[in-house]
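Now for the letters of each chain:
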Amino acid sequence: MNVRTLVISGLLAALYVAVSLAFQPISFQMFQFRVPEILNHLIVFNKKYIYGIVGGVFISNLLFSPMVPYDLIFGVGQSLLALLLVIFVSRFIKGIKGRMIATIIFFTFTMFLIAIELNLALGFPFWLSWMTTAVGEFVVLLIGAPIIYGMNKRIQFEKWL
């Protein structure tokens, strides 16, 4: 990892943490709309964004989660798994829009890990938790896709790392 990647990853993690703090009341528990998850779309531009995103999730869960030990395992694990799946399938998907759709699908589906976490930590029903967290993730990423896509036209995320 070069210095540029390290700095951009640190800034991305800090942005994730700052947005998590701003939206903390709606970012945890069974009904969650974790707004900084919009940043997951950056992975379609360069796989090196994984460092900043996962770092941001880790720090946010460490600082703000009411279930820290569980969130450090399941929350970080869910993000890492979904990001790695997107990186893998991106080799076969041409175009940014298709990759963003894959991001939405993988992150929404892998919310079953968060449902397991909520079931183990708080006794919430698995199926209901999966549905509510998946819907929240889907909505946030669906709204975020055109935002990140539009920002890329000006910023060109693929050239940053």
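Structure first, text after, so check above.
These figures come from a predicted structure and were not determined experimentally.

**Re the overall build of the protein**
At step 1: For the protein, the helix and strand inventory stands at six helices and zero strands.
At step 2: For the protein, the α and β elements follow one another from N to C terminus as α-α-α-α-α-α.
At step 3: Against the 2.2 N^0.38 benchmark of 15 Å for 161 residues, the protein shows a C-alpha radius of gyration of 15 Å, consistent with a compact globule.
At step 4: The dimensions of the protein, computed from C-alpha atoms along their principal axes, are 45 × 30 × 25 Å.
At step 5: The buried share of the protein, reckoned over its 161 residues, is 47%.

**Some thoughts on the packing of helix α1 (residues 3-22) against helix α2 (residues 49-64)**
At step 1: Put simply, α1 and α2 touch, their axes get as near as 7 Å, and they point 35 degrees apart. The interaxial crossing formed by α1 with α2 has right-handed handedness. Together, Thr5, Ile8, Ser9, Leu12, Ala13, Tyr16, Val17, Ser20 and Leu21 of α1 and Tyr49, Tyr51, Gly52, Ile53, Gly55, Gly56, Val57, Ile59, Ser60, Leu63 and Phe64 of α2 make up the contact between the two elements.
At step 2: When the residues that make up the contact of α1 with α2 are grouped by side-chain class, the tally is 13 nonpolar, seven polar and no charged.

**Concerning the side chain of Asn152**
At step 1: With respect to the helices and strands, the residue Asn152 is situated in helix α6 (residues 126-155).
At step 2: Those residues in contact with Asn152 that lie beyond four places of it in its chain are Phe45, Phe157 and Glu158.

**Some thoughts on α6**
At step 1: Within α6, the axis deviates most sharply at Gly144, by approximately 30 degrees, and proline Pro146 lies no more than four positions further along.
At step 2: Gln156 sits one or two residues past α6 and shows a positive phi near 60 degrees.

**So, helix α5 (residues 112-122)**
At step 1: Turning to α5, its buried residues are Leu113, Ile114, Ala115, Glu117 and Leu118.
At step 2: In the core, the buried residues of α5 are packed alongside α3 (68-90) and α6.
At step 3: Remark: Gly123 follows α5 within two positions and exhibits a positive phi of approximately 75 degrees.

**Side note on the packing of α3 against helix α4 (residues 96-109)**
When two helices pack together, their arrangement is given by the angle between their axes and by how far apart the axes lie.
At step 1: Remark: α3 packs on α4, axes separated minimally by 9 Å, with the N-to-C direction vectors making an angle of 145 degrees. The interaxial crossing formed by α3 with α4 has right-handed handedness. Residue-level inspection shows Gln78, Ser79, Ala82, Leu83, Leu85, Val86, Val89 and Ser90 of α3 in contact with α4, the latter providing Arg99, Ala102, Thr103, Phe106 and Phe107.
At step 2: Taken together, the residues that form the contact of α3 with α4 break down as eight nonpolar, four polar and one charged.

Quick notes on the rules
Residues numbered from 1 in each chain as written. Predicted model: local features only at pLDDT ≥ 70, side-chain atom pairs only at ≥ 80, totals over all residues. Heavy atoms only, no water. Helix = DSSP H or I, 4+ residues; strand = E, 2+ residues; numbered from the N terminus. Rg over C-alpha atoms; globule rule 2.2 N^0.38 Å. Buried < 20%, exposed > 50% of the residue type's maximum accessible area, 1.4 Å probe, protein only. Axes fitted to C-alpha atoms, helices over the stretch in contact; angles between N-to-C directions. Left-handed = near helix turned anticlockwise from the far one by under 90°. Contact = heavy atoms within 4.5 Å. Nonpolar A, V, L, I, M, F, W, Y, C, P; charged D, E, K, R; others polar. Bend = angle between axes of the 7 residues up to and from the residue.

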